[in-house]
Amino acid sequence: AQSVTQLDSQVPVFEEAPVELRCNYSSSVSVYLFWYVQYPNQGLQLLLKYLSGSTLVKGINGFEAEFNKSQTSFHLRKPSVHISDTAEYFCAVSGRLSGGYNKLIFGAGTRLAVHP
Amino acid sequence: DAGITQSPRHKVTETGTPVTLRCHQTENHRYMYWYRQDPGHGLRLIHYSYGVKDTDKGEVSDGYSVSRSKTEDFLLTLESATSSQTSVYFCAISESGQRSSYEQYFGPGTRLTVT
């Protein structure tokens, strides 16, 4: 069965500093990987996704992530964060429901707090 | 933004009362999902639907039922609310197709408090 581990529950960082949010997954089959962002009191918004091809994926708001199959990781990075990046970030991996339909398995989330 | 609305956005109810949450989409997507979000657990799937009148259980379905009589509406019912069902509930939708159906779009959420 697939699972997702987000290694940090909270990440404090100063404005304009780089940040990395770590995500590891376990799966015995090929996977698709996603990062979602949740701003306070809002729903989840897709940040970026890896389906196939280049292992470096670029998303919205200057974020990027690198798929590393040997390390089973999909870490999210941004070279310079802004106050507006303060949010909760969720890593997700593709899976299958018992009826054969597609599903997403989410990590517990990482709260990014950007300080001035 | 995907056209997904949830109602109500906030609700406070008493233990033992029935509660129905509504998800409405304007995207004509085939798949719809209900999740609950709790601190330290991320999002957990309650129920999902793969078509009109076609629904199935997710990983935390006890105490919940769903119905989908139209493509655009997916209802989540708590037959007799308990304090453990205090949570934020999210609806999500996705399209048909092999790879695209993994990508889900989320509604704004409903904050439910059971007292």
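Here the structure is a predicted model, which means the values were calculated and not measured. All chains use their own residue numbering, which begins from 1 and follows the written sequence. Here the convention is simple: chains get letters from A, ligands get numbers from 1, in the order in which they are written. Reporting in this predicted model follows two pLDDT cut-offs: at least 70 for local features of residues, and 80 or more for side-chain atom pairs to be given and counted; totals over whole chains, interfaces and linings ignore these cut-offs and use all residues. Excluded from the side-chain calculations are hydrogens and water; all other atoms, namely the structure's heavy atoms, are used.

Quick notes on the overall build of chain A
- Starting at the N terminus, helices and strands are each numbered in turn, a helix being any DSSP run of H or I of at least four residues and a strand any DSSP run of E of at least two. If you tally the helices and strands in chain A, you get 0 helices and 12 strands.
- Each helix and strand of chain A, placed in order from N terminus to C terminus, yields the pattern β-β-β-β-β-β-β-β-β-β-β-β.
- For 116 residues, the compact-globule formula gives about 13 Å, and the C-alpha radius of gyration of chain A, at 14 Å, lands near that figure.
- Expressed along its principal axes, the backbone C-alpha trace of chain A runs to roughly 45 × 30 × 20 Å.
- Between buried and exposed lies partly exposed: a residue is buried under 20% and exposed over 50% of the maximum accessible area for its type, with that area taken using a 1.4 Å probe on protein chains only. Within the span of chain A, comprising 116 residues, buried residues form 46% of the whole.
- Here, two residues are considered to be in contact whenever any of their heavy atoms come within 4.5 Å of each other. Counting only contacts in chain A whose residues sit at least 6 apart along the sequence, the fraction spanning at least 24 positions is 54%. When we talk radius of gyration, it's over C-alpha atoms, and the globule rule is simply 2.2 Å times the number of residues to the 0.38.

Points about the state of the cysteines
Residue and element names in this part refer to chain A.
- Two cysteine sulfurs form a disulfide in these notes if their separation is within 2.5 Å. Inspection of every chain in the model, using the stated rule, returns 2 disulfides over all chains.
- Here Cys-23 pairs with Cys-91 through a disulfide, and the sulfurs are 2.0 Å apart. The chirality of the disulfide connecting Cys-23 with Cys-91 is left-handed, given an S-S dihedral of about -70°. Here the residue Cys-23 occupies a position in strand 4 (residues 23-26), and Cys-91 occupies one in strand 10 (residues 87-96), the gap between them amounting to 68 residues.

Regarding the sheet that holds strand 8 (residues 73-78) of chain B
Residues and elements named next belong to chain B.
- Ordered by their spatial adjacency, 4 strands build an open sheet running 1-3-8-7, and the pairing between neighbours is antiparallel. Of all strands in the sheet, those bounded by a partner on one side alone are strand 1 (4-7) and strand 7 (64-70). When the angles between neighbouring strand axes are averaged without regard to direction, this sheet yields 20°.
- Note on pairing: two strands pair once DSSP finds at least 2 bridges between them. In this structure, strand 7 lies alongside strand 8, joined through 5 bridges in antiparallel fashion. Along strand 8, the bridge assignment pairs Val-66 with Leu-76. Note on geometry: axes are lines fitted to C-alpha atoms, helical ones only across the stretch in contact, with angles between N-to-C directions running from 0 to 180 degrees.

Observations regarding the interface of chain A and chain B
- At the junction of the two partners, chain A supplies 26 residues and chain B supplies 26 residues.
- By definition here, a salt bridge exists when the distance from a side-chain nitrogen of Lys or Arg to a carboxyl oxygen of Asp or Glu is within 4 Å. At the junction of chain A with chain B, the criterion picks out 1 salt bridge.
- At the level of secondary structure, the elements contributing two or more residues to the side of chain A that touches chain B comprise strand 5 (33-38), strand 6 (44-50), strand 10 and strand 11 (102-106) of chain A.

A look at the packing of aromatic side chains
- Geometry of aromatic contacts follows a simple scheme: Phe, Tyr and Trp rings, the Trp one being its six-membered ring, pair when their centres are within 6.5 Å, and the pair is stacked under 30 degrees between planes, edge-to-face over 60, tilted otherwise. If you walk through the whole model with that rule in mind, you get 14 aromatic pairs over all chains.
- Judged by centre distance (5.1 Å) and plane angle (75°), the rings of A:Tyr32 and B:Tyr102 are edge-to-face. Linking A:Tyr32 in the loop between strand 4 and strand 5 with B:Tyr102 in the loop between strand 9 (87-94) and strand 10 (105-106), this pair reaches from one chain into another. Here the two residues A:Tyr32 and B:Tyr102 agree in accessibility, since each one is buried.
- Taken together through their ring pairs, the aromatic side chains of A:Phe34, A:Tyr36, A:Phe106, B:Tyr33, B:Tyr35 and B:Phe106 make up a single cluster.

Brief notes about the pairing of strand 9 of chain B
Residues and elements named next belong to chain B.
- Among the 8 residues in strand 9, 8 count as buried, and that is most of the element.
- With burial as the criterion, each face of strand 9 is covered, one bearing Ser-87, Tyr-89, Cys-91 and Ile-93 and the other bearing Val-88, Phe-90, Ala-92 and Ser-94.
- Sheet topology places strand 4 (residues 31-38) next to strand 9; 7 bridges connect them, and they run antiparallel. Looking at strand 9, one finds that Tyr-33 is bridged to Ala-92.
- Direction of pairing for strand 9 relative to strand 11 (residues 110-114): antiparallel, over a ladder of 3 bridges. Within strand 11, the position partnered with Val-88 by the bridge is Arg-111.
- The pairing of strand 9 with strand 10 spans 2 bridges and is antiparallel. Residue pairing for strand 10: Ile-93 is matched across the bridge by Tyr-105.

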